[in-house]
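Understanding the architecture of this molecule
In case you want the letters, here they are:
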Amino acid sequence: MKKILLSIISAVMMLSVVSCSSDFLETFSSQGVDEGTIFMNTDNAQAAMEGIYKLMYYNGDQDQNYMGYETMLVMSDLMGEDILFGKSTTLFLQSYNWSVHRNITSNMMNYCYKYHYNIIANVNTVLDNIDDATGPENEKDYIKGQAYVVRAAHYFNLVRMWGKRYRRGENNDQLGVPLVIDPETSETPQPRATVEQVYQAINDDLDKAIEYLDGSLTRTNKIRPNRSVANGLKSRVLLSQGKWAEAAQFAKAAITSENKLSETIFTETPSRFCDQSNSEWMWGTKRIPAENEGFSSLQVFFGNTDAITSRNGPKCIYNVLYHKISDTDKRKGMFAATQAIANSSAFVRPNESTSVPAYYNNKYLVPNHADPQVDCPYMRIAEMYLNEAEGYARDGQDALAQQALFDLIVTRDPAYTKSTNTGSALIEEILLHRRIELWGEGFRYFDLKRLNLPCIRNEEAVLPNGTKQTSNHNASIAQFMEIPAGDKKWEYLFSDNELNNNPNIVQNEL
């Protein structure tokens, strides 16, 4: 039985006393714990997984923008064009103006990189020990399946942030990120694997997850990924690889009776997009208010909480995108077309004294402005319909793409009729609805990069009467109003801390 235990696994497990067995967890110190003791049975192994889940969102005593997986979601959307700061603020402003990920001395960049590998190290420890645990095989399979999904998700983030985009039909020998997937590779600093190698490892993990989660135990918390989540993540990966037909097939496989589209998801009040019990949520956090984590959640940055960053930096939709939404589409009601509407009783602001600009959003509504400890969505069933539609459309199967798109959009817009678009026009329609549907959920930077599209923030919006309106992005805040496709800025730089600790790392182009 192994005697060396990463200190972080004990620390993570100690964080889990509310969710897991406190009697078990409080027995051990944070150092020198025998792995065989911690993983003596499947109950303990699942407790370790719960600790990993908490580390995916736990802030601890760090700055409020250090919030694990949710940090990556916020950064991704702020690096696109569809979300903007209605006023200047500090937190995440350097993501919006495309500077923080190109600063090798940034504490945030060091955090983002270390966060992913901390999660991966903990998952590796679970996978290295689970076979020796006592307990039913189906429980072992359930734990393995969860672990493989979590590892795949974090490598998928890493390779898309620090590596160049995957190029369909090419050998993809461009540099990705180090692969640390077994005890041997964790002992010494690893060089960057190729993008192809990293994607192969991700797909291998997801194939195993789908196998292990087939017919596995019923989950009690949606933070635990199940087989639908594994299929859904596989569809994301395949879209990034340009494997269109396969992406559509895995997205379709992810759509099961467990999760259902909701016609009220965009109209629910006082809570909206903050509760994993929603039928559309496939994967997401489950916060425990008693843990009192303070103002650290995705909703703090994109929602209506009474936090300084919400009051001083209200988030708005790009006016160009807003005016492309049909008036009969329920999703349009989440955004205020004028400042008067934004500051009226029709919209919920951080507090009554806060003035917000036009195009202010009400997508993320928390029931208590002073308590933003709410759930965060990692994956919704709506994305699967969009993945299916895009995959089929790019594969030339227009009828199947039209049907998948219709099945989703008719629940958002009762006046919507099945598209008659084909080819590139159909793909553009799907991508438009993807921008509308997944606004504020962490997709835009990743979508622009995978599709090799520029980020353009200075277009003119076309109003219903045909007049044009200048972009509502403020150039003095945004700094970069256009980032060309393929520019070196699409790749994150490795922090000086990583360069110092790993002599085998090759830096991205400065």
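Residues numbered from 1 in each chain as written. Predicted model: local features only at pLDDT ≥ 70, side-chain atom pairs only at ≥ 80, totals over all residues. Heavy atoms only, no water.

So, on to empty space enclosed by the protein. Any space left empty among the atoms is revealed by the rolling of a water-sized probe across them. This model, assessed by the stated rule, comprises five cavities of 30 Å³ or more. Each pocket or cavity is described by its volume, and for the largest cavity that value is around 180 Å³. Around the largest cavity sit 18 residues that line it, and Phe156, Arg160, Arg236, Phe443 and Phe446 are the ones nearest its centre. Taken together, the elements giving at least two residues each to the lining of the largest cavity come down to helix 5 (69-78), helix 8 (137-162), helix 11 (227-241) and helix 20 (444-450). Taken together, the residues of the lining of the largest cavity sort by class into eight nonpolar, three polar and seven charged. Considering only enclosed or pocket space, the second largest cavity measures out at about 100 Å³ in volume. Looking at the lining of the second largest cavity, the elements that each hand over two or more residues are helix 8 and helix 20. (1 Å grid on protein atoms, 1.4 Å probe; cavity = no way out; pocket = protein on both sides within 12 Å on 5 of 7 lines; lining within 4 Å. Points joined across faces, edges and corners; volume = space filled by probe spheres on them. Helix = DSSP H or I, 4+ residues; strand = E, 2+ residues; numbered from the N terminus. Nonpolar A, V, L, I, M, F, W, Y, C, P; charged D, E, K, R; others polar.)

What follows concerns the nonpolar core. Formed by 142 residues in total, the largest nonpolar core has its most connected members in Met56, Met108, Tyr155, Trp162, Ile202, Trp283 and Tyr378. For this core, the leading source of residues is helix 8, giving 14 residues. Leaving out residues up to four positions away in the same chain, Met108 has contacts with Asn65, Tyr66, Thr71, Met75, Phe92 and Val100. (Core = buried A, V, L, I, M, F, W, Y, C linked by side-chain atoms within 4.5 Å. Buried < 20%, exposed > 50% of the residue type's maximum accessible area, 1.4 Å probe, protein only. Contact = heavy atoms within 4.5 Å.)

Right, let's talk about the packing of helix 17 (residues 381-394) against helix 18 (residues 398-409) for a bit. Between helix 17 and helix 18, the least distance of the axes is 7 Å, while the angle of their chain directions is 160 degrees. If you check the angle between helix 17 and helix 18, you find them roughly antiparallel. Relative to helix 18, helix 17 is oriented so that their crossing is left-handed. Within the contact between the two elements, helix 17 uses Ala382, Tyr385, Leu386, Glu388, Ala389, Tyr392 and Ala393 and helix 18 uses Asp398, Leu400, Ala401, Ala404, Leu405, Asp407 and Leu408. (Axes fitted to C-alpha atoms, helices over the stretch in contact; angles between N-to-C directions. Parallel < 35°, antiparallel > 145°, perpendicular 65-115°, else oblique. Left-handed = near helix turned anticlockwise from the far one by under 90°.)

Along the chain, the position of Leu179 falls in the loop between helix 8 and helix 9 (183-186). Residue classification places Leu179 among the buried positions, given a relative accessible area of 17%. Sequence-wise, Leu179 and Gln197 are 18 residues apart; in three dimensions their C-alpha atoms are separated by 8.5 Å. Those residues in contact with Leu179 that lie beyond four places of it in its chain are Tyr155, Thr185, Gln190, Pro191, Ala193, Gln197, Val198 and Ala201.

The next thing to look at is the layout of surface pockets. Each pocket or cavity is described by its volume, and for the second largest pocket that value is around 380 Å³. Taken together, 18 residues form the lining of the second largest pocket, with Glu81, Glu428, Arg435, Arg444 and Leu453 sitting closest to its centre. Elements that contribute at least two residues to the lining of the second largest pocket include exactly helix 19 (423-437) and helix 20. Of all the elements, helix 19 adds the most residues to the lining of the second largest pocket, at six residues. Considered class by class, the residues forming the lining of the second largest pocket number eight nonpolar, no polar and ten charged.

Here we take up the pattern of salt bridges. Charged atoms that come close allow side chains of opposite charge to pair. Across all of its chains, the model carries 32 salt bridges by this definition. Here Asp214 and Arg227 are joined by a salt bridge, their closest N and O atoms 3.8 Å apart. Residue Asp214 is located in the loop between helix 10 (195-212) and helix 11, and its partner Arg227 is located in helix 11; the two are separated by 13 residues in the primary sequence. Here Arg227 falls in the partly exposed class, since its relative accessible area comes to 34%. (Salt bridge = Lys/Arg side-chain N within 4 Å of Asp/Glu carboxyl O.)

For any two helices packed against each other, the geometry comes down to the angle between their axes and how far apart the axes lie. With their axes 10 Å apart at the nearest point, helix 11 and helix 17 run at an angle of 35 degrees to one another. Crossing of helix 11 over helix 17 shows left-handed handedness. Along its contact with helix 11, which presents Gly232, Ser235, Arg236 and Leu239, the element helix 17 presents Glu383, Met384, Asn387, Glu390 and Gly391. Residue composition of the contact of helix 11 with helix 17, grouped by class: two nonpolar, four polar and three charged.

Turning our eyes to something else, we now look at the state of the cysteines. Scanning all chains against the criterion turns up zero disulfides. Counting only cysteine sulfurs, Cys376 is the nearest neighbor of Cys112, a cysteine outside any disulfide, at a range of 15 Å. Counting only cysteine sulfurs, Cys274 is the nearest neighbor of Cys376, a cysteine outside any disulfide, at a range of 11 Å. Residue classification places Cys376 among the buried positions, given a relative accessible area of 0%. (Disulfide = S-S within 2.5 Å.)

Here the focus is the packing of aromatic side chains. All chains considered together, the criterion is met by 26 aromatic pairs. Ring geometry for Phe85 against Tyr96: centres 5.1 Å apart, planes inclined by 65 degrees, an arrangement best described as edge-to-face. With Phe85 in strand 1 (residues 83-85) and Tyr96 in helix 6 (residues 93-96), the pair connects residues that are eleven residues apart, well separated along the chain. Aromatic ring contacts, followed pair by pair, group Trp98, Tyr113, Tyr117, Tyr155, Trp162, Tyr445, Phe446, Trp490, Tyr492 and Phe494 into a single cluster. When the ring centre of Tyr322 is taken as reference, the NZ or CZ atom of Lys332 above it lies at 4.9 Å. (Phe/Tyr/Trp six-rings, centres within 6.5 Å; stacked < 30°, edge-to-face > 60°. Lys NZ or Arg CZ within 6 Å of the ring centre and 35° of its normal.)

Here the residue pair Thr269 and Pro270 is connected by a cis peptide bond, since its omega of 0 degrees sits within 30 degrees of zero. Tracing the sequence through the fold places Pro270 in the loop between helix 12 (244-254) and strand 2 (281-284). For Asn452, which is not glycine, the phi dihedral falls at a positive 55 degrees. Following the sequence through the fold, Asn452 ends up in the loop between helix 20 and strand 5 (455-456). Residue Asn452 is classed as partly exposed on the basis of its relative accessible area of 37%.

Detail in the predicted coordinates should be disregarded across regions flagged by low pLDDT. With 91% of its residues at a pLDDT of at least 70, the protein chain reaches an overall mean of 90. Low pLDDT, under 50, characterises residues 1-32; the predicted model gives this stretch 60 contacts beyond four residues in sequence or across chains. (pLDDT = per-residue confidence, 0-100.)

Okay, the environment of Trp162 next. Residue position: Trp162 is located in helix 8. Accessibility expressed as a relative area gives 0% for Trp162, which makes it buried. Trp162 sits 328 residues away from Trp490 along the chain, and the two C-alpha atoms are 8.6 Å apart. Apart from the residues lying within four places of it in its own chain, the contact partners of Trp162 are Met109, Cys112, Tyr113, Gly176, Val177, Arg192, Glu491, Tyr492, Leu493, Phe494 and Asn508. A distance of 3.0 Å separates the side chain of Trp162 from the backbone oxygen of Leu493, its partner in a polar contact. (Polar contact = N/O pair within 3.5 Å; in protein donor to acceptor, adjacent residues only side chain to side chain.)

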